[in-house]
Amino acid sequence: MPSLPEPGPWEGPILDPRPGSPQESVVLERSSREHVLSRIRAGVLESTTVDVLRQNGLAARMDVEGHPHDGMRIAWAGRDSFFVDTASTLGRRFMVYGQTSIQEDLYAAADGRGQPVLTEASDVVLHDFDGSPGARPWVTCVHNGQALRIDCEFIAGCDGFHGVSRRSIPETVRREYEKVYPFGWLGVMARVKPLPDITYVNNPRGFALASYRNEKLSRFYIQVPLEDQIEVWPDDRFWPELKARFPAEMAAAIEEGPTIEKSVAPLRSFVSEPMRYGALFLCGDAAHIAMERVLFPFESLGFMSHPGQRLQVWGPRPGGAELIETVAVEELAQPGRSGDEASLRGA
């Protein structure tokens with residue numbers, strides 16, 4: 001293994017992605033391209049993500065193969081469901097388009113413009129990025145068995161919860177907040193026709209979700225004990241349990257078939273600050289992991305919340321954040337909060 005340098009003079013290869021250099025940016029990826037493109041990831045894109053892809057000329061395939069949606073369906077076991085129409089109430093649609101497909105599109109765009117993507121990079125270390133006077137950030141790594149230095153103007157830490165970027169911020173500066181939930185999501189993929197709408201389900205047996213990737217590939221989730229392994233959830237147990245959590249009419253519409261992917265994901269909510277430290281910018285899961293919200297907290301979809309707890313709703317404002325509303329947990333089930341279709345539709 002080549003040795004990496006201590007801060008100081010460097011005599012090895014240097015890449016300079018600053019303006020005017022041959023490379024305007026360099027991507028370091030820990031895994032191989034084949035591994036990245038084989039991973040199963042989420043498949044629902046919020047409207048802002050769709051806008052960014054279109055603005056940067058990366059949406060041609062998405063606009064052909066993706067499935068735009070006007071909203072999502074909320075259901076309670078044994079009760080009629082209702083549709084949350086984000087298109088008519090907010091003027092925003094979201095897109096069903098797998099993140100694996102986005103990765104393929106990004107690789108194709110990078111290849112087309114000669115973007116350096118250094119896969120299977122290891123031993124990544126960030127240097128001189130704290131913003132102190134005269135400091136100019138640089139990154140070292142090992143790629144193809146060779147120690148490499150990259151000089152740059154800034155570093156985008158898009159390396160997720162387990163990456164090196166966040167951990168490179170000194171502990172004396174970094175503040176982290178975490179809540180680990182006592183349950184997990186069992187997710188499966190199956191080549192079956194999906195339900196017409198992405199559907200979130202409340203049930204005393206636990207949460208359930210029906211989503212999909214395309215018209216012949218469905219994605220389902222159910223809430224399971226955190227200690228469960230996929231071996232205890234064979235298909236002949238999963239499908240009956242999934243259907244038991246949906247209202248009868250919707251359950252009857254769920255097609256069964258052999259699952260082609262199955263995993264149990266532990267769930268946490270996590271925030272790290274600051275998101276910017278000098279020339280380092282934390283992005284995505286490197287800075288925050290939040291359980292998905294659908295107009296109201298997951299607690300009101302059946303997860304445990306205790307009487308007396310209060311929910312704070314914050315929104316952005318110039319120079320910081322603004323507390324918009326404080327809501328008691330007991331109010332979440334009242335009409336006009338989470339369960340009244342007319343109020344959600346603005347009627």
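Predicted model only: the values in this text are computed from it and were never measured.

Caption draft 1: Structural context of the overall build of the chain. In terms of helices and strands, the chain carries nine helices and 22 strands. Looking at the chain as a whole, 42% of its 347 residues qualify as buried. A separation of at least 24 residues holds for 65% of the contacts in the chain among residues at least 6 apart in sequence.

Caption draft 2: Region of interest: the sheet that holds strand S12 (residues 155-157). On the basis of which strands lie adjacent, the open sheet formed by three strands has the order S12-S19-S18 and mixed pairing. Edge positions in the sheet fall to S12 and strand S18 (276-277), since each has one partner strand and no second.

Caption draft 3: Fine view of the nonpolar core. Ranked by size, the top nonpolar core spans 20 residues in total, and within it Phe220, Ile222, Phe238, Trp239, Leu242, Phe246 and Ile254 carry the most contacts. For this core, the elements supplying multiple residues, two or more each, are strand S13 (175-190), strand S15 (208-214), strand S16 (217-225), helix H7 (235-244) and helix H8 (248-253). Contact partners of Phe238, with chain neighbours within four places excluded, come to Leu186, Val188, Phe220, Ile222 and Trp233.

Caption draft 4: Representation of the sheet that holds strand S6 (residues 82-85) in the model. If you trace the eight strands from one edge of the open sheet to the other, you get S6-S5-S14-S15-S16-S13-S17-S20, paired in mixed fashion. Unpaired on one side and paired on the other, S6 and strand S20 (288-289) mark the two borders of the sheet. Both strand S5 (residues 71-76) and strand S14 (residues 199-202) contribute to a ladder of four bridges, which runs parallel. What sits directly across from Arg73, in S14, is Thr199. Contacting S13, S15, S16 and strand S17 (259-273), H7 crosses the sheet at an angle of about 90 degrees to S16.

Caption draft 5: Local environment of the pairing of S6. Side chains Phe82 and Val84 project from S6 onto one buried face, and the interleaved Phe83 and Asp85 project onto a second face that is buried too. Here four bridges tie S5 to S6, and the two strands are oriented antiparallel to one another. Looking at S6, one finds that Met72 is bridged to Val84.

Caption draft 6: How the structure looks around H7. All of the buried residues in H7 are Phe238, Trp239, Glu241 and Leu242. Residues of H7 that are buried make contact with S13, S15, S16 and S17.

Caption draft 7: View of helix H2 (residues 47-55). Every buried residue of H2 is listed here: Ser47, Val50 and Leu53. For H2, the angular spread of buried residues about the axis comes to 120 degrees, placing them on one side. Positive backbone phi, at 70 degrees, marks Gly57, one or two positions downstream of H2.

Caption draft 8: The pattern of salt bridges, seen in detail. Following the criterion strictly, the structure yields 18 salt bridges and no others. One network of salt bridges, with partners in common, ties together Arg61, Glu65, Glu104 and Asp105.

Caption draft 9: Focus on unusual backbone geometry. Omega for the bond connecting Glu273 with Pro274 falls within 30 degrees of zero, at 5 degrees, which places this linkage in the cis form. The topology assignment puts Pro274 in the loop between S17 and S18. Here Glu120, not a glycine, exhibits a phi torsion of approximately 55 degrees, which is positive. Considering the arrangement of structural elements, one finds Glu120 in the loop between strand S8 (117-118) and strand S9 (122-127). When its relative accessible area of 51% is taken as the criterion, Glu120 is described as exposed. The backbone phi angle of Asp123 is positive, close to 50 degrees, even though this residue is not glycine. In this structure, Asp123 sits in strand S9.

Caption draft 10: Main features of the side chain of Thr100. Mapped onto the secondary structure, Thr100 falls in helix H5 (residues 99-112). In terms of polar contacts, Thr100 uses its side chain to reach the backbone carbonyl oxygen of Arg39, at 2.6 Å. Not counting chain neighbours up to four residues away, the residues in contact with Thr100 comprise Leu37, Arg39, Ile40 and Arg41.

Caption draft 11: Representation of the packing of aromatic side chains within the structure. Using the criterion set out here, one finds 10 aromatic pairs in the structure. Between the aromatic rings of Phe129 and Tyr277, the centroid separation amounts to 5.9 Å while the plane-to-plane angle is 75 degrees, which identifies the pairing as edge-to-face. Of this pair, Phe129 sits in the loop between S9 and strand S10 (138-143) while Tyr277 sits in strand S18, placing them 148 residues apart in sequence. Summarising the burial analysis for this pair, Phe129 and Tyr277 share the class buried. Judged by centre distance (5.3 Å) and plane angle (75 degrees), the rings of Phe238 and Trp239 are edge-to-face. One exposure class covers both Phe238 and Trp239, and it is buried.

Caption draft 12: Structural view of the confidence of the model for the chain. Model confidence for the chain is summarised by a mean pLDDT of 81, while 78% of its residues fall at 70 or above. Low pLDDT (under 50) marks residues 333-347, which in the prediction has 23 contacts with non-local residues, meaning those over four places away or in another chain.

Rules used throughout
- What you see as residue numbers is a count from 1 along each chain, following the sequence as written.
- Where local features are concerned, this predicted model is filtered to residues with pLDDT of at least 70; where side-chain atom pairs are given and counted, the filter is 80 or more; whole-chain, interface and lining totals use all residues.
- Where side-chain values are given, they derive from all heavy atoms of the structure, hydrogens and water being excluded.
- By definition, any uninterrupted DSSP run of H or I lasting at least four residues is a helix, any uninterrupted run of E lasting at least two residues is a strand, and each is numbered from the N terminus.
- Working definition: with a 1.4 Å probe on protein chains only, accessible area under 20% of the residue-type maximum means buried, over 50% means exposed, and in between means partly exposed.
- Note on definitions: a residue-residue contact is assigned when non-hydrogen atoms from the two residues lie within 4.5 Å.
- DSSP-based pairing: two strands are paired if at least 2 bridges between them are found.
- Nonpolar cores were defined as sets of buried Ala, Val, Leu, Ile, Met, Phe, Trp, Tyr and Cys residues, with membership established by side-chain atoms within 4.5 Å.
- Fitted lines through C-alpha atoms serve as axes, helices being fitted only where they are in contact, and the angles separating the N-to-C directions of these axes extend from 0 to 180 degrees.
- The arc in question is formed by the directions pointing from the helix axis toward the C-beta atoms.
- The salt bridge definition used is simple: a Lys or Arg side-chain nitrogen within 4 Å of an Asp or Glu carboxyl oxygen.
- Any pair of nitrogen or oxygen atoms within 3.5 Å is treated as a polar contact; in protein, a donor-acceptor pairing is required on top of that, and neighbouring residues in sequence qualify only through side-chain atoms on both sides.
- Centres within 6.5 Å are what make two rings of Phe, Tyr or Trp a pair, Trp counting through its six-membered ring; a difference in plane orientation under 30 degrees is then read as stacked, over 60 as edge-to-face, and the rest as tilted.
- Values of pLDDT, the confidence the predictor places in each residue, fall between 0 and 100.

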